[in-house]
Structure formats: C-alpha cells, structure tokens
Amino acid sequence: MLSVEDLHLHFGGIRAVDGVTLTIESNTITGLIGPNGAGKTSLFNAIAGVHPPTSGHIFLDQEKITGLLPHQLFSRGLVRTFQIAHEFSSLTVLENLMVVPGEQPGEQLLNVWFNPSQIRQSEERIRERAHEVLQFLKISHLENEPAGNLSGGQKKLLELGRTMMTEAKIVFLDEVGAGVNRTLLKAIGDSIQELNQEHGYTFCMIEHDIDFITRMCHPVIVMAEGKILAQGSAEEVKANREVIESYLGRKTTG
C-alpha cells in the first residue's frame with residue numbers, strides 16, 4: 001500500500017527523520033512506537049504532506065507522492081488524524097461529518113443559482129452516509145451536539161468518523177488513545193479493527209499504550225532518534241534489547 005525509501009526530514013541541524021525506509025502492507029494495522037522525540041509524528045507529517053521531506057521518496061500504490069500537499073493526498077485516499085482533535089467546535093457532530101467530502105456541488109456558486117436540486121440530492125446522500133457512520137461508531141445520540149462539547153474520547157471517535165466520510169485507502173492515526181478512558185478506548189479499538197477486517201481499511205498508528213498496540217497491531221515498528229530501531233510482532237519488539245534500552249535508557253545484561 002505505502003512505501004518509504006530513505007526518507008529524511010531536517011529542521012536546521014535537527015534530523016527529525018533520518019533515513020527511514022519502511023513498507024505498510026494493505027489491510028494491516030501497523031503500530032509505530034518509540035520514546036518521545038523519536039521522530040514518529042515528524043514521519044507522519046512528512047508522509048501526509050504537512051512538511052515536505054528534505055530527501056527520499058514516498059509511494060502510495062506504487063505512485064510517487066513525495067512532496068504532495070495534504071489536500072492532494074486526501075484526494076488520493078491518504079488521510080491522517082492528529083493527537084489533538086481538529087473538530088469544528090461550533091458545528092454539530094453531524095455537520096462535522098458532512099463537511100468532509102470534497103468537491104460537493106454546493107461549493108460551486110453557479111450550482112447555487114442554477115442547480116439547487118443537485119445540491120439537495122448531494123447533501124441528502126452525504127447526510128445518509130453521515131448517519132451510517134454515527135451508527136457504526138455508536139454515537140448517533142450525539143449527532144446534534146456541538147462538537148466542542150464532546151469529551152476527549154468522543155472527539156477521537158469523531159475524528160475516526162471523519163476518515164470514514166472519505167474514500168480512504170490508508171489512515172494515519174496519531175495517538176488515538178491519548179487522554180481517552182479505557183471504555184472509550186476499547187470502543188475506538190473495536191471500530192478500527194472492524195474497519196480493517198470487514199471494510200478493508202489500512203491503518204498506521206502512533207501510540208504509547210503498549211497494551212493497546214499489542215492488541216491492535218501487527219507489525220509494530222519502533223523508532224528512536226529519527227531512525228527505525230526494530231520491527232516485528234508486538235511480542236518480538238517488546239523482547240528486543242535495543243528497544244528496551246531505548247525506552248528505559250539503560251543497558252540490558254545477560
């Protein structure tokens with residue numbers, strides 16, 4: 001699905017991403033872990049077009065996407081969420097979903113004047129899809145609630161719902177569990193797994209909750225100091241001495 005070749009992202013003398021090469025297979029949930037400052041979010045930002053990489057190559061379905069802007073990647077099916085949810089706080093939950101699809105007829109001024117029926121039909125289809133997403137995520141009871149009133153976990157569910165309003169091929173989730181209580185985190189995890197297993201979504205997620213990563217992800221990729229340190233199953237990377245030293249800051253013995 002996605003491949004990264006010798007990717008670098010430098011900020012002055014800081015090598016936030018330093019020669020990363022990796023692949024993400026279709027229909028997988030890949031975990032990306034590492035200590036704070038390892039370069040995980042910087043890697044996401046380079047892949048998702050937030051910061052153009054200093055050098056290297058990125059391919060989506062064998063098509064080169066290096067340096068494309070976020071809206072261009074969005075149209076190609078590459079979507080990301082953020083550690084801090086980016087909801088439209090004054091819009092309702094339903095409205096937050098309905099604004100996601102691109103190239104809606106109502107965005108064209110001439111259509112407002114000459115094709116109002118086309119706009120109504122499009123909005124009805126989008127509204128129907130939004131209701132399906134809310135039902136899937138089990139938050140239909142919140143559809144008329146201003147998004148700014150949601151809890152942190154509910155906002156993460158809304159972020160996940162916004163990705164479902166697109167023709168997403170691969171979704172990058174940045175700390176989906178941050179600030180989320182265990183009950184909602186289980187609900188989020190269940191939704192991600194169902195989207196992966198039954199609807200063919202491919203995910204890559206940054207997460208610090210190792211138990212959540214162990215439950216959700218295979219493979220798991222470990223970063224440290226801007227580089228790939230290890231990769232494999234969750235159990236394999238948790239047993240890796242270099243990974244233990246990176247997290248704990250000490251040498252292992254034996």
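Residues numbered from 1 in each chain as written. Predicted model: local features only at pLDDT ≥ 70, side-chain atom pairs only at ≥ 80, totals over all residues. Heavy atoms only, no water.

### Describing the overall build of the protein
- Each helix and strand in the protein was counted, giving ten helices and ten strands.
- Against the globule reference of 18 Å for 254 residues, the protein gives a C-alpha radius of gyration of 19 Å, in line with a compact fold.
- Considered along the principal axes of its C-alpha atoms, the protein spans approximately 75 × 40 × 30 Å.
- Looking at the protein residue by residue over its 254 residues, the buried ones come to 50%.
- In the protein, of all internal contacts separated by at least 6 residues, the share reaching a separation of at least 24 is 67%. (Helix = DSSP H or I, 4+ residues; strand = E, 2+ residues; numbered from the N terminus. Rg over C-alpha atoms; globule rule 2.2 N^0.38 Å. Buried < 20%, exposed > 50% of the residue type's maximum accessible area, 1.4 Å probe, protein only. Contact = heavy atoms within 4.5 Å.)

### Side note on empty space enclosed by the protein
- In total, this model carries two cavities of 30 Å³ or more according to the counting rule given.
- Roughly 50 Å³ of volume is contained in the largest cavity.
- In terms of lining residues, the largest cavity is bounded by Leu22, Ile24, Thr30, Leu32, Leu43, Phe44, Ile47, Phe172, Cys204 and Ile221.
- Put simply, the parts of the chain that give the lining of the largest cavity at least two residues each are β2 (14-24), β3 (29-33) and α1 (40-47).
- The leading source of residues in the lining of the largest cavity is α1, at three residues.
- Classifying every residue of the lining of the largest cavity by side-chain character gives nine nonpolar, one polar and no charged.
- The calculated volume of the second largest cavity comes to roughly 30 Å³. (1 Å grid on protein atoms, 1.4 Å probe; cavity = no way out; pocket = protein on both sides within 12 Å on 5 of 7 lines; lining within 4 Å. Points joined across faces, edges and corners; volume = space filled by probe spheres on them. Nonpolar A, V, L, I, M, F, W, Y, C, P; charged D, E, K, R; others polar.)

### Regarding the packing of aromatic side chains
- In the structure shown here, the tally under the stated rule is two aromatic pairs.
- With 5.0 Å between their ring centres and 80° between their planes, phenylalanine 44 and phenylalanine 172 make a pair best called edge-to-face. One end of the pair, phenylalanine 44, is in helix α1; the other, phenylalanine 172, is in strand β7 (residues 170-174), with 128 residues separating them in the sequence.
- By relative accessible area, which is 2% here, phenylalanine 172 ends up buried.
- With 6.0 Å between their ring centres and 20° between their planes, tyrosine 201 and phenylalanine 203 make a pair best called stacked. The same class applies to tyrosine 201 as to phenylalanine 203, namely buried. (Phe/Tyr/Trp six-rings, centres within 6.5 Å; stacked < 30°, edge-to-face > 60°.)

### Focus on the nonpolar core
- Counting 46 residues, the largest nonpolar core has Leu137, Ile192, Phe203 and Met205 as its most contacted members.
- In terms of residue count, the dominant contributor to this core is helix α5 (residues 116-137) (six residues).
- In this structure leucine 137 touches Leu157, Leu160, Gly161, Met164 and Ser191, once residues within four positions along its chain are discounted.
- The next biggest cluster of nonpolar side chains, apart from the first, holds 27 residues, and it includes Leu7, Val17, Ala48 and Ile58. (Core = buried A, V, L, I, M, F, W, Y, C linked by side-chain atoms within 4.5 Å.)

### Some details on the sheet that holds strand β5 (residues 63-64)
- The four strands are arranged β2-β1-β4-β5 in an open sheet whose pairing can be described as antiparallel. The open sheet has two edge strands with one neighbour each: β2 and β5.
- As defined by bridge partners, strand β4 (residues 55-60) adjoins β5 across two bridges and the pair is classed as antiparallel. Bridged to phenylalanine 59 within β5 is lysine 64.
- Across the sheet, α1 is in contact with β1 (2-11), β2 and β4; its angle to β1 comes to roughly 110°. (Pairing = 2+ DSSP bridges. Axes fitted to C-alpha atoms, helices over the stretch in contact; angles between N-to-C directions.)

### Some words on the pairing of β3
- With respect to burial, β3 is a largely interior element, five of its five residues being buried.
- Burial of the side chains of β3 extends over both faces: Ile29, Gly31 and Ile33 are buried on one face and Thr30 and Leu32 on the other.
- Here β3 pairs with strand β8 (residues 202-206) via four bridges, running parallel. Paired with isoleucine 29 across the bridge in β8 is phenylalanine 203.
- In this sheet, strand β9 (residues 220-224) lies alongside β3 in parallel orientation, the contact comprising three bridges. Following the sheet pairing, isoleucine 33 is matched in β9 by valine 222.

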